[in-house]
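# Architecture at a glance
Spelled out, the chains give:
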Amino acid sequence: MALVTADKLKAELETFEITCKDDSVLDKMVELCICNRIDTEQMLLEWLAYSTSKDGLELTLNNLEHFEHELLNKKSKSKSSSWKDESYNRTRDIHSLEELIKAEEEEENLLDSYSTPGKSSQKRVLSTPEHPQSKRTTALLTSPGLLLSPANFSPSVTPSQKYSQRGGKGEVVVSFGAVQGARWTGRKDPGAGVQVNLLGQPEESLCSGYKYMFQRLRDVRNVLSEKIEEMGEKLRSHFSIEELSAISLPAQDSITVLGQICCDSNGKLNAQSVLLEAGPEHGGQLVPIDLSELKQYSLFPGQVVLMEGMNTTGRKLVASKLYEGVPLPFYSTSAKMETNEVVEPLNILVACGPYTPSDSLTFDPLIDLINVIVRDRPDVCLLFGPFVDSKHEQIEKAKVTETFETIFYRCIDSIVDGTKSVGCQLVFVPAQRDIHHEFIYPQPPFTLPNLKDQAQRVTLVPDPCTLLIDGVTFGLTSSDILFHMGAEEISCGTSSDRFSRILNHMLTQRSYYPLYPPAEEVNMDYEKFQIHGQMLVTPDILVVPSELRYFVKDVAGCVCVNPGRLTKGQVGGTYGRLLIQRSAAPEDGKRESPCLTAQVVKI
């Protein structure tokens, strides 16, 4: 199906000499087309029929709302006696499809009750089909009015059965903060006046692509050495340590050494395989670490630490004390707020791809998300990749008939046009699994040349980045750092959970990806990472989408959110929403978190 746009609708209206001077009316019609999955021609025919029945009703926003309520909603819910003849040609939403399937099942059960059951029918009743109603649902959902239909770019048009039959839609699975009484709707004019910018100077931000795949080992070593020395100097001054010793020199007294945690082999780190690698200023040697005297610790490869202990032979350090990093200060704005100034909270929606089920290229989850945006009218939507997932089965097997860029642009155009009437700010964050985009970390932002009049409400950011939204800082990264570090981190005697420890490591190491060496699927450019992969401040909110279980946690004053993925295999996943309100600095200097409340919700 061709993409529904305001220009196409206007051209169709002019064909029938229907004038429309208000752009909001066209935006509303585009929204109706997307939400009800009908094309431009069908929308115009429905309106002409409705207008004629009302004695030539004028096309206004108010009349259009009556049209939506009286005709489209009633049509989708009606159970006409001739539904068998019309059901395969009529545009339907998912709710009407479920009712249609239920009605047909009731009729089949009624007919079965009057028939004599044979062997075949008994066998059918006693068995549980793997994909019930697959033929019926397939026939109904392959309508020409299906938005983002895979028929345009894939030979397989079978929608996901498990996704359409999922339960718990809209169920809140995680809550944080004062949820009671919270209004999950945006301001009266969503997105108006909301400032969305990258933190830092423009020349310091990653705004475009760069050349990679040429990295000398010497340059990588220099980046890692500088990281050790810089972090070591901050740790030394914070803990008031006068002098650091060389790690490999024998000493009969207790010494304090600086280094980076390493593993003695290519396997997983454990308590017996921990090495400490010193920087070039302290010898650059690798020395095994004995952790038996430490009561508690949490370590991972790439972590820069100070250790106090004994190294009598110069060949092994028996650690007795561990000094870990300290987070950066929070962002403070120079603009002062009045104490009595009342600022309406911002509603932020956060979602992470994939936006299709793993067994189909239909973007049904994305359409449902657009419906949520239209319903809740958030001020800002943070949308993480992958938008065209490189791990999708049909993409891996080369079963698409259009370019990946074409599929991506159609996906983005649908999001932008579908939310046009809402007017919310859209932030797009790329991911390593976006098959059409640069496979490098840090990852440059997307390029969208055809945004036209909607460019002012679309922000394209790199991965990772620190975003400033109305004075509130957001740390964003689409790399699955929780999964990667969770597979490598070791701990003993700690009271916190693994997620909290990993997030605390990110904040204290001041990096969006502190793991070294990185996971095999992360193609790291260390020189760019040194510039663009470090935290500038401790963010107020840190968004870290992951394959692991969703959560919302407060770690060292930073609200950390894993919204989960919009789809989990063949079934629906989750998205997140937050209410943000920046308050004036209190007189006692104690910081208040701008995150009032947050939830993770099933799509």
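The rules behind these values
- Residues numbered from 1 in each chain as written.
- Predicted model: local features only at pLDDT ≥ 70, side-chain atom pairs only at ≥ 80, totals over all residues.
- Heavy atoms only, no water.
- Phe/Tyr/Trp six-rings, centres within 6.5 Å; stacked < 30°, edge-to-face > 60°.
- Buried < 20%, exposed > 50% of the residue type's maximum accessible area, 1.4 Å probe, protein only.
- Helix = DSSP H or I, 4+ residues; strand = E, 2+ residues; numbered from the N terminus.
- Pairing = 2+ DSSP bridges.
- Axes fitted to C-alpha atoms, helices over the stretch in contact; angles between N-to-C directions.
- Contact = heavy atoms within 4.5 Å.
- Salt bridge = Lys/Arg side-chain N within 4 Å of Asp/Glu carboxyl O.
- Polar contact = N/O pair within 3.5 Å; in protein donor to acceptor, adjacent residues only side chain to side chain.
- Parallel < 35°, antiparallel > 145°, perpendicular 65-115°, else oblique.
- Left-handed = near helix turned anticlockwise from the far one by under 90°.
- Nonpolar A, V, L, I, M, F, W, Y, C, P; charged D, E, K, R; others polar.
- pLDDT = per-residue confidence, 0-100.
- Expected span 1.5 Å × (residues − 1).

## Notes on the packing of aromatic side chains
- One pass over the full model with this rule turns up 15 aromatic pairs.
- Relative to Y212, the ring of Y210 has its centre 6.1 Å away and its plane inclined at 70°; by these criteria the two rings are edge-to-face.
- Residue class for Y210 comes out buried when judged on its relative accessible area of 13%.
- Their ring planes at 75° and their centres at 5.8 Å tell us that Y516 and Y526 sit as a pair that is edge-to-face. Highlighted residues: Y516 in the loop between α15 (498-509) and α16 (526-532) and Y526 in helix α16, separated in sequence by ten residues.
- Under the relative-accessibility criterion, Y526 is labelled buried at 10%.

## Describing the sheet that holds strand β5 (residues 286-290)
- Spatial strand order, β3-β4-β5-β8-β7: five strands in a closed barrel with mixed pairing. Across the sheet, the mean angle separating the axes of adjacent strands is 55° when strand polarity is ignored.
- Pairing of β5 with strand β8 (residues 317-323), which is carried by two bridges, proceeds in the parallel orientation. Across the sheet, the residue bridging to D290 is V318, located in β8.
- Strand contacts of helix α10 (residues 217-238): β3 (251-263), β4 (274-277), β7 (304-311) and β8, with the helix running at about 75° to β7, the strand carrying the most contacts.

## Some remarks on the pattern of salt bridges
- Evaluated as defined, the whole model comprises 20 salt bridges.
- Here R433 makes a salt bridge to D389, at a shortest N to O gap of 2.6 Å. Of this pair, R433 sits in the loop between β11 (425-429) and β12 (458-460) while D389 is found in the loop between β10 (380-384) and α12 (393-396), placing the two residues 44 residues apart along the sequence. Assigned by exposure class, R433 and D389 land together as buried.
- With a shortest N-O distance of 3.2 Å, E489 and R498 are connected by a salt bridge.
- Each of D389, R433, E547, R565 and K568 takes part in a single network of salt bridges with overlapping partners.

## Here's the deal with the environment of L596
- Residue placement: L596 occurs in strand β22 (residues 595-602).
- For the pair L596 and L579, spaced 17 residues apart in the sequence, the C-alpha separation amounts to 5.6 Å.
- Every residue in contact with L596, bar those within four places of it in the chain, is listed here: F176, G177, A178, P345, L579 and Q581.

## Some words on the pairing of strand β18 (residues 558-562)
- In terms of burial, β18 is largely enclosed, as five of its five residues are buried.
- Alternating residues of β18 divide into C558, C560 and N562 and V559 and V561, and every residue in both groups is buried.
- As paired elements, strand β16 (residues 541-543) and β18 share three bridges and run parallel to each other. Its bridge partner lying in β18, V543 is registered against V561.
- Where strand β17 (residues 551-555) and β18 come together, five bridges link them in antiparallel fashion.

## Some details on the sheet that holds β10
- Across the sheet, seven strands lie side by side as β1-β22-β21-β9-β10-β11-β12; this open sheet has mixed pairing. Either end of the sheet is taken by a strand with one partner, and the two such strands are β1 (172-177) and β12. Sheet twist, expressed as the mean angle between neighbouring strand axes with direction ignored, is 15°.
- Note: β1 against β22, five bridges, orientation antiparallel. Note on β22: the bridge partner recorded for F176 is A598.
- Sheet strands touched by helix α11 (residues 364-376): β9 (346-352), β10 and β21 (574-580). Its angle to β9, the strand with the most contacts, is close to 180°.

## Quick notes on the side chain of T477
- Looking at where T477 falls in the secondary structure, it is placed in the loop between β14 (472-476) and α14 (481-486).
- On the basis of relative accessibility, which here comes to 0%, the residue T477 falls in the buried class.
- A distance of 3.1 Å separates the side chain of T477 from the side chain of D463, its partner in a polar contact.
- Here the side chain of T477 touches S479 through a polar contact of 3.0 Å, side chain to side chain.
- Apart from the residues within four sequence positions on either side, T477 is in contact with F384, Y441, D463, P464, Y512, V543, V544 and P545.

## Focus: the packing of helix α1 (residues 6-15) against helix α3 (residues 40-53)
- One way to put it is that α1 packs onto α3 with a least axis distance of 10 Å and a crossing angle of 45°. Classified by the interaxial angle, the pair formed by α1 and α3 is oblique. For α1 against α3, the interelement crossing comes out right-handed. Across from K8, L9, E12 and L13 in α1, the residues of α3 making contact are T40, M43 and L44.
- Of the residues contributing to the contact of α1 with α3, the split by class is four nonpolar, one polar and two charged.

## Focus: the confidence of the model for the protein chain
- In the predicted model, the protein chain carries a mean pLDDT of 83, and the fraction of residues at 70 or more is 82%.
- In the model, residues 79-92 has pLDDT below 50 throughout and makes 20 contacts with residues more than four positions away in sequence or in other chains.

## Quick look at the side chain of T256
- Here T256 is to be found in strand β3.
- The buried category is assigned to T256, whose relative accessible area is 11%.
- Non-local contacts of T256, meaning those with residues more than four positions away in its chain, are made with I241, E243, L244, S245, L306, M307 and E308.

## Some thoughts on unusual backbone geometry
- Residue P386 is reached from G385 by a cis peptide bond, and omega for that bond is 5°.
- Residue position: P386 is located in the loop between β10 and α12.
- At the junction of D463 and P464, the peptide bond is cis and its omega measures out at 0° in the coordinates.
- In this structure, P464 sits in the loop between β12 and β13 (465-469).
- A positive phi angle, close to 55°, is found at A398, a residue other than glycine.
- Of note, A398 is situated in the loop between α12 and α13 (404-418).

## Concerning α13
- Here α13 contains 15 residues, and its C-alpha end-to-end distance of 21 Å stays within 8% of the 21 Å for a straight helix at 1.5 Å per residue.
- Turning to α13, its buried residues are I407, F408, R410, C411, I412, S414, I415, V416, D417 and G418.

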